[in-house]
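Coordinate analysis (summary)
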Amino acid sequence: MADHMADPIDLGEVARSCRVSRGYFIDAFNASTGLTPHQWLIRSRLHRAQELLGSTNLPLAEIALACGFCDQSHFSRAFARRTGETPGRWRRIARRAI
């Protein structure tokens, strides 16, 4: 999933590639990580977005798409829920800290 984080993820397909049922995959994933696959994926996408925000000048819309969010608005809402800051503000704060 990490290698295809920007792509839509079909859990049924991932489970089939592991040769288990979708339900079993979700339960096993949750047991081993403490997160549902969806929670893990969102966290991973947001972590990648933070890396890009801190190390590039890419526009927010490009970062959103590169990290698998459908648009900048969805990305901004998810980012603000997780960090308490908008992506633009987080970028400015992170750059000042460096």
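Preceding this section is the structure that the text describes.
Residues numbered from 1 in each chain as written. Predicted model: local features only at pLDDT ≥ 70, side-chain atom pairs only at ≥ 80, totals over all residues. Heavy atoms only, no water.

A few points about the overall build of the protein chain
Scanning the protein chain from N- to C-terminus turns up six helices and zero strands. In sequence order, the protein chain lays out its α and β elements as α-α-α-α-α-α. Its C-alpha atoms put the protein chain at 45 × 25 × 20 Å along the principal axes. The burial tally for the protein chain puts 32% of its 98 residues in the buried class. Long-range pairs, those at least 24 residues apart, make up 49% of the contacts in the protein chain between residues at least 6 apart in sequence. As displayed, the protein chain offers around 6300 Å² of accessible surface, 52% of which is attributable to carbon and sulfur atoms. (Helix = DSSP H or I, 4+ residues; strand = E, 2+ residues; numbered from the N terminus. Buried < 20%, exposed > 50% of the residue type's maximum accessible area, 1.4 Å probe, protein only. Contact = heavy atoms within 4.5 Å. Areas by Shrake-Rupley, 256 points an atom, 1.4 Å probe, with all protein chains shown as cover.)

Details of the packing of helix 3 (residues 37–55) against helix 6 (residues 87–97)
Contact geometry of helix 3 with helix 6 gives a least axis separation of 9 Å together with a crossing angle of 55 degrees. Classified by the angle their axes make, helix 3 and helix 6 are oblique. Between helix 3 and helix 6 lies a crossing of right-handed hand. Residue-level contacts link Gln50, Leu52, Leu53 and Gly54 of helix 3 to Pro87, Trp90, Arg91 and Arg95 of helix 6. Counted by class, the contact of helix 3 with helix 6 contains four nonpolar, two polar and two charged residues. (Axes fitted to C-alpha atoms, helices over the stretch in contact; angles between N-to-C directions. Parallel < 35°, antiparallel > 145°, perpendicular 65-115°, else oblique. Left-handed = near helix turned anticlockwise from the far one by under 90°. Nonpolar A, V, L, I, M, F, W, Y, C, P; charged D, E, K, R; others polar.)

Regarding the nonpolar core
The biggest cluster of nonpolar side chains holds 13 residues, and the ones touching the most others in it are Leu46, Leu53, Ile63, Cys67, Phe69 and Phe75. Elements represented by at least two residues in this core include exactly helix 3, helix 4 (60–66) and helix 5 (72–83). Leaving out residues up to four positions away in the same chain, isoleucine 63 has contacts with Ala49, Leu52, Leu53, Thr56, Leu58, Phe75 and Arg91. The next biggest cluster of nonpolar side chains, apart from the first, holds five residues, and it includes Leu11, Ala15, Phe25 and Phe29. (Core = buried A, V, L, I, M, F, W, Y, C linked by side-chain atoms within 4.5 Å.)

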